[in-house]
Amino acid sequence: MKFAMIGAGAMGLRYGILLQEAGNDVTFIDTWQPHIDKIREQGGVYVMRDHKDRHLTKIKLETPETYDDDPDMLIFFTKQMQLEDYLKRCEHFFNDRQYAFTCMNGMGHIEKLQKYFADDKIIGGTALIATVLPGPGEVDFMGKRGAGMMNMCPLNEKPDDMCYQLFNELKKAQMNPTLTNDFTGTLMTKVIFNSVINTICTMFEIPMGEFGNFKGAYQMGRQLIDEAYDICARAGIHLVSTRDEEMAALDHNTRIDMPLHYPSMYQDMIKDRPTEVDYINGYIANLGRKYHYEAATHLFVTQAVHLAEYHRQNE
Ligand code: NAD
């Protein structure tokens, strides 16, 4: 399959390089100039796995303005706040035949994609796959080959041939995909998951295991989970896990799967980049307002992360 990977950051590189290694034609499209310059100067990207086995991998890299091809599938892996700009700059190579797929965190991106792609061409998903971009031109795939898992679902909840083809290519690339049948429920379940781990670890600048092993972790997590689940119930969103299953997944992920990992929200904050908190906890709180529910804890932690960003910027 011919892919255009829009956003060649941590996740774009991980998905794109693994799809390329599985035999697909992948072109990466990015706008961060120091990253583009470094990749061109090195003749590729330095790829590591858990900080080890650093090796150069050749990739095809373009900017939105220089890319002029017709891929079957566009994969979007930008940060939420970058997506609008990427869409505008890439619009010249979009057409009705193409599909748009994304596993970005947070919410807000689907509405933006809908301005450019028909609903039956949008496939959304979530990724429980940790990847770090230590600096321009290098990427660290956390976990062994085949580590992590992901969910995917077409926006119209009717998987077609292209959706199955994508699923098969992701499977060959060892991304461990599961095809689900509830679009909003799939995405929101992950938003809620991130609203606990990403946010708390960013506020306190701690790795995930430190939160998971803290004796008050259950109470803190449960409060955020309960608010979010109450809101989703009012909004008629069917989450793919029960509250208890979500709590168990949080516990397993933080203490067992990735205790040493710092979530991507933290990685942004320490690089003085804006975080996605408004699209995660902020999104949940705004959804609550629509249904006359005051998500006090989500509102509080949204501002707490902004305070942490502000503190960093003023250091
Ligand atoms: P990323 O920040 O690594 O890359 C996104 C874009 O930002 C790329 O275009 C990249 O070139 C650019 N960029 C990276 N560092 C920059 C800097 N210092 N200054 C300016 N531009 C910079 O983002 P990501 O981690 O690939 O995340 C993409 C989406 O996937 C997000 O929604 C994220 O929440 C989600 N996600 C990430 C992970 C993860 O482990 N990284 C896991 C699951 C989901």
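Further up the page is the structure itself.
Residues numbered from 1 in each chain as written. Predicted model: local features only at pLDDT ≥ 70, side-chain atom pairs only at ≥ 80, totals over all residues. Heavy atoms only, no water.

### Points about the pattern of salt bridges
Using the following cut-off: By convention in these notes, a salt bridge is any Lys or Arg side-chain nitrogen within 4 Å of a carboxyl oxygen on Asp or Glu. Working definition: helices are DSSP H or I runs of at least four residues, strands are E runs of at least two. Numbering for both runs from the N terminus. Under the scheme applied here, a residue whose accessible area is under 20% of the maximum for its type counts as buried, over 50% as exposed, and between as partly exposed, the area being computed with a 1.4 Å probe on protein chains only.
This model, assessed by the stated rule, comprises 18 salt bridges. Two residues, Asp 69 and Lys 2, come together in a salt bridge whose shortest N-O distance is 3.0 Å. In this pair, Asp 69 is assigned in the loop between strand E5 (60-62) and strand E6 (73-76) and Lys 2 in strand E1 (residues 2-6), connecting sequence segments 67 residues apart. Its relative accessible area of 34% is what places Asp 69 among the partly exposed residues. With relative accessibility at 25%, the residue Lys 2 sits in the partly exposed group.

### Comments concerning the site of the ligand
Note the cut-off: In these notes, residues near a molecule or strand are those with any non-hydrogen atom within 4 Å of it. Whenever a nitrogen or oxygen atom comes within 3.5 Å of another N or O atom, the pair is scored as a polar contact, on the condition that within protein one atom can donate a hydrogen and the other can accept it, and that pairs from neighbouring residues in sequence are kept only if both atoms are in side chains. Method for areas: the Shrake-Rupley scheme with a 1.4 Å probe, in which residue coverage is limited to the protein chains shown. Residues are grouped as follows: nonpolar covers Ala, Val, Leu, Ile, Met, Phe, Trp, Tyr, Cys and Pro; charged covers Asp, Glu, Lys and Arg; every other residue, Gly included, is treated as polar.
Around the ligand there are 22 residues in total, and Ala 10, Met 11, Asp 30, Arg 273 and Glu 276 lie nearest to it. The side chain of Asn 105 places a nitrogen or oxygen atom 2.9 Å from an oxygen atom of the ligand. In this structure, an oxygen atom belonging to the ligand sits 2.9 Å away from a main-chain N or O atom of Thr 131. Look at the ligand: alone it shows 800 Å² of surface, and the protein chains cover 90% of it. Listing elements by their share of the shell around the ligand, those giving two or more residues are helix H1 (10-21) and strand E9 (131-135). In terms of residue class, the shell around the ligand is made up of 10 nonpolar, 8 polar and 4 charged.

### Things to note about empty space enclosed by the protein
We apply this condition: With a 1 Å grid spanning the protein atoms alone, the term cavity applies to any set of points in which a 1.4 Å probe fits but cannot get out, the term pocket to an open set with protein on both sides within 12 Å along at least five of seven lines, and the term lining residue to any residue with an atom within 4 Å of a point. Grid points are joined across faces, edges and corners, and a volume is the space filled by probe spheres set on the points.
Per the stated rule, a full pass over the model turns up 1 cavity of 30 Å³ or more. By volume, the largest cavity amounts to about 50 Å³. Forming the boundary of the largest cavity are Arg 14, Leu 18, Arg 49, Ile 129, Arg 145, Gly 146, Ala 147, Ala 173, Gln 174 and Met 175. Class assignment for the residues of the lining of the largest cavity results in 5 nonpolar, 2 polar and 3 charged.

### Looking at the packing of aromatic side chains
For the record, the criterion: Ring pairs shown here join Phe, Tyr and Trp side chains whose ring centres sit within 6.5 Å, with only the six-membered ring taken for Trp; geometry is labelled stacked below 30 degrees between planes, edge-to-face above 60, and tilted in between. The rule for a charge over a ring is simple: NZ of Lys or CZ of Arg within 6 Å of the ring centre, and within 35 degrees of the ring normal.
Here the structure, examined in full by the defined rule, presents 8 aromatic pairs. Ring plane angle 85° and centroid distance 5.5 Å describe the contact between Phe 93 and Phe 94, whose orientation is recorded as edge-to-face. For the pair Phe 93 and Phe 94, one class covers both residues: buried. With centroids separated by 4.8 Å and ring planes inclined at 50°, the aromatic side chains of Phe 94 and Phe 117 adopt a geometry described as tilted. In this pair, Phe 94 sits in the loop between helix H3 (83-90) and strand E7 (99-102) while Phe 117 sits in the loop between helix H4 (109-114) and strand E8 (122-128), placing the two residues 23 residues apart along the sequence. Residue Phe 94 is classed as buried on the basis of its relative accessible area of 13%. Exposure remark for Phe 117: the relative accessible area of 4% places this residue in the buried category. Put simply, the rings of Tyr 67, Phe 76, Phe 93, Phe 94, Tyr 116 and Phe 117 pair up and form one aromatic cluster. Across the ring face of Tyr 46, the terminal group of Arg 54 is positioned such that the distance to the ring centre comes to 4.0 Å.

### Regarding the sheet that holds strand E4 (residues 52-57)
To keep it simple, the criterion reads: Two strands pair under a simple rule: DSSP has to find at least two bridges between them. Angles here are taken between N-to-C directions and fall from 0 to 180 degrees, while the axes themselves are lines fitted to C-alpha atoms, restricted in helices to the stretch in contact.
Read from one edge of the open sheet, 4 strands run E4-E3-E10-E9, paired in mixed fashion. Two strands in the sheet have a free side with no partner beyond their single neighbour: E4 and E9. Taking each pair of neighbouring strands and ignoring which way they run, the sheet shows an average axis angle of 25°.

### Comments concerning the nonpolar core
Selection criterion: Nine residue types can take part in a nonpolar core, namely buried Ala, Val, Leu, Ile, Met, Phe, Trp, Tyr and Cys, and a core is a set of them joined through side-chain atoms within 4.5 Å. Residue contacts are counted whenever heavy atoms from the two residues lie within 4.5 Å of one another.
Residues Tyr 15, Met 73, Phe 76 and Phe 101 are the most contacted members of the largest nonpolar core, which totals 99 residues. In terms of residues, this core owes the most to one element, helix H6 (residues 183-204), which gives 10 residues. Among all residues touching Phe 76, those that are not within four sequence positions of it are Ile 6, Leu 83, Leu 87, Phe 94, Ala 100, Phe 101, Thr 102, Cys 103, Met 104, Leu 113 and Phe 117.

### Some details on a nonpolar patch on the surface
Short version of the rule: For patches, a residue must show more than 30% relative accessible area and have no salt bridge; joins then use 9 Å for like charges and 5 Å for nonpolar side chains, namely Val, Leu, Ile, Met, Phe, Trp and Tyr.
On the surface, a nonpolar cluster with roughly 290 Å² of combined accessible area is contributed by Phe 204, Phe 214 and Met 220. Structurally, Phe 204 can be placed in helix H6.

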